[in-house]
Amino acid sequence: MSYKDFRAILEKEMVPALGCTDPIGIAFCAGYARKYCRGEVRCVDAFFSKNLIKNAASVIIPGTDNLHGTDIAVALGLVYGNPDDKLKLLDGLDNKSVSKAMSIIESGKIKSHVADTSEILYMKIHILTDEDDVSVTVKDGYTNICDVTINGQHIYGCDTETKNEESLRYDLLNLASILDFATSASIEEMAIVQEGLRMNIALSEAGQSGNYGANTGTSIKEKLSAGSENNMAYSAMIWSSAGVDARMSGCPLPAMSNTGSGNQGIVSTLPVYGASRVLNSSWEQTVRAACISCLVTIYIKSKLGPLSTVCGCVVAGAASSCGIVFLQGGGYDECLRAIKNMFGNLAGMICDGAKASCALKTATCINAACMSADLALSGYGLDSSNGIVGKTEKDTVEFFVRSSKEGLAAMDDVILDIMMNK
């Protein structure tokens, strides 16, 4: 096992992101196309996969005073930010730029469409100005440029991001190798995990002190009875759901994302941190536990795909359950039992878009994650007689992925139809 390979995977999949990655990814694509255009914009046609529309429809974009949707994401990309900043390109967004973006929308120049594609994560922005005709296509990753066409001429067909990803050794990832790396490598090898913890802690602190979304984290905190402050599950729920509260409702602080999702980044770090506060774990123990959680999330998501019908908090919640197990002295067997318990419990939780209620789902998942960890540490775990739970680690992950990708394949169409016609 090469520590370099694991570090490279962590650094590829853990990226700071300001706001929800779906609308920010759309703004990035629009901004990338705009930089090749001269003259005034006459019209913009934007094409998005169903999953992308679902996730961008309701979530608040930071700095916009509660604006949401694909059109405003496109418009902001046209008027503000440097696409070289990727998922942080809207950092420092000002009122003047928001007003300028709204003017473009009100002019009717932007038209969003459901793309005719089987790709899960796909967007194409076609801009026509009084001088140029430019289109940019992004797929498989929010900043993965796959095609740039200027005035009918293809500039290139695939960004180096995809080429670089091909050299990463995702095949090395399994529960045993992840535990080996997280327990044996120096803590300096986990620098990105430490950065992610600090970034997401700051976001959760903002969520706990402000008024964001459904205020799930603060509500749980306020309802605690005397003596419950030291309840590990409550602490894990508060820290994680408050972070999601803030992120889904326009907090101007970045999250450290995991596999393209800020919520997955939050849920693969903050439950571990919340548990560590009650357990009085050292910073090093917390980092190693969070590293396990982050890598297990990447391991499962590398098979499931960047966007899915199943809620990403289920995956990150199962991963955080492993981190919580580790903090309490558990090893491979206990972590596997925790994953089986989670998938046997919450595998069917659907994703109906990014929005305030994601914090409620986070709290549900983390409550289940702590319960799964407790059961696993007590020697209890669901066996293969229980639904999609497999006999082995490989089978359990495979069955979960199959039930999510194949079993819920029609769900996105139903959800999108409901969202667009209610």
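Coordinates for the structure precede this section.
Undergrad: Can you walk me through helix 4 (residues 70-79) in this structure?
TA: Count 3.6 residues to each turn of an α-helix, and residues three or four apart come out pointing the same way. Burial within helix 4 is extensive, with eight of its ten residues counted as buried. Along helix 4, the residues classified as buried are Thr 70, Ile 72, Ala 73, Val 74, Ala 75, Leu 76, Gly 77 and Leu 78. Directly after helix 4, the chain includes Gly 81, whose backbone phi takes a positive value near 90°.

Undergrad: Can you walk me through the environment of Lys 100 in this structure?
TA: Counting through the fold element by element, Lys 100 comes out in helix 5 (residues 95-106). According to the relative accessible area criterion, Lys 100 is exposed, its value standing at 52%. For the pair Lys 100 and Lys 361, spaced 261 residues apart in sequence, the C-alpha separation works out to 35 Å.

Undergrad: I'm lost on the pattern of salt bridges in this one. Help?
TA: Should the charged atoms of two oppositely charged side chains come close, the side chains can pair. In this structure the tally under the stated criterion is 13 salt bridges. In this structure, Asp 352 and Lys 361 form a salt bridge, with 2.9 Å as the shortest nitrogen-oxygen distance. Owing to a relative accessible area of 29%, Asp 352 belongs among the partly exposed residues under this scheme. Residue class for Lys 361 comes out buried when judged on its relative accessible area of 16%. The residue Arg 402 makes a salt bridge to Glu 406 at a minimum N-O spacing of 3.3 Å. Taken together, the positions of Arg 402 and Glu 406, both in helix 17 (residues 393-407) and four residues apart, correspond to about one turn of that helix. When salt bridges that share partners are traced, they join Arg 38, Glu 131 and Asp 132 into one network.

Undergrad: Explain the side chain of Thr 396 to me, please; I cannot follow it from the model alone.
TA: Tracing the sequence through the fold places Thr 396 in helix 17. Taking the relative accessible area as the measure of exposure, Thr 396 reaches 1% and is therefore buried.

Undergrad: What's the story with the nonpolar core in this structure? I'm lost.
TA: Across soluble globular proteins, nonpolar side chains show a tendency to be buried alongside one another. Membership of the largest hydrophobic core comes to 94 residues, with the highest contact counts inside it found for Leu 10, Leu 173, Val 193, Leu 295 and Phe 400. When residues in this core are grouped by element, the largest group, twelve residues, is from helix 13 (residues 283-304). When residues no more than four places from it in sequence are discounted, the contact partners of Leu 173 are Phe 6, Ile 9, Ile 178, Leu 295, Ile 298 and Tyr 299. Counting residues in hydrophobic clusters, the runner-up holds 46 residues, among them Tyr 32, Ile 61, Ala 73 and Ala 75.

Undergrad: Looking at this structure, I do not really get the pairing of strand 7 (residues 153-156). What am I missing?
TA: Along any regular strand, the residues point their side chains to alternate faces of the sheet. The pairing of strand 6 (residues 145-150) with strand 7 spans three bridges and is classified as antiparallel. What sits directly across from Ile 150, in strand 7, is Gln 153.

Undergrad: I tried to follow unusual backbone geometry on my own but got confused; where do I start?
TA: Where the residue is not glycine, phi is negative for most of them; where a peptide bond is considered, it is trans in most cases. Of note in the backbone geometry, Asn 151 takes a positive phi value of approximately 50° without being a glycine. Relative to the helices and strands, Asn 151 resides in the loop between strand 6 and strand 7. Its identity is not glycine, yet Asn 280 carries a phi of approximately 60°, on the positive side. Take Asn 280: it is sitting in the loop between helix 12 (270-279) and helix 13. What makes Asn 280 exposed here is its relative accessible area of 67%.

Parameters at a glance
- Residues numbered from 1 in each chain as written.
- Predicted model: local features only at pLDDT ≥ 70, side-chain atom pairs only at ≥ 80, totals over all residues.
- Heavy atoms only, no water.
- Buried < 20%, exposed > 50% of the residue type's maximum accessible area, 1.4 Å probe, protein only.
- Helix = DSSP H or I, 4+ residues; strand = E, 2+ residues; numbered from the N terminus.
- Salt bridge = Lys/Arg side-chain N within 4 Å of Asp/Glu carboxyl O.
- Core = buried A, V, L, I, M, F, W, Y, C linked by side-chain atoms within 4.5 Å.
- Contact = heavy atoms within 4.5 Å.
- Pairing = 2+ DSSP bridges.

None of the figures reported here should be taken as evidence of function without further support.
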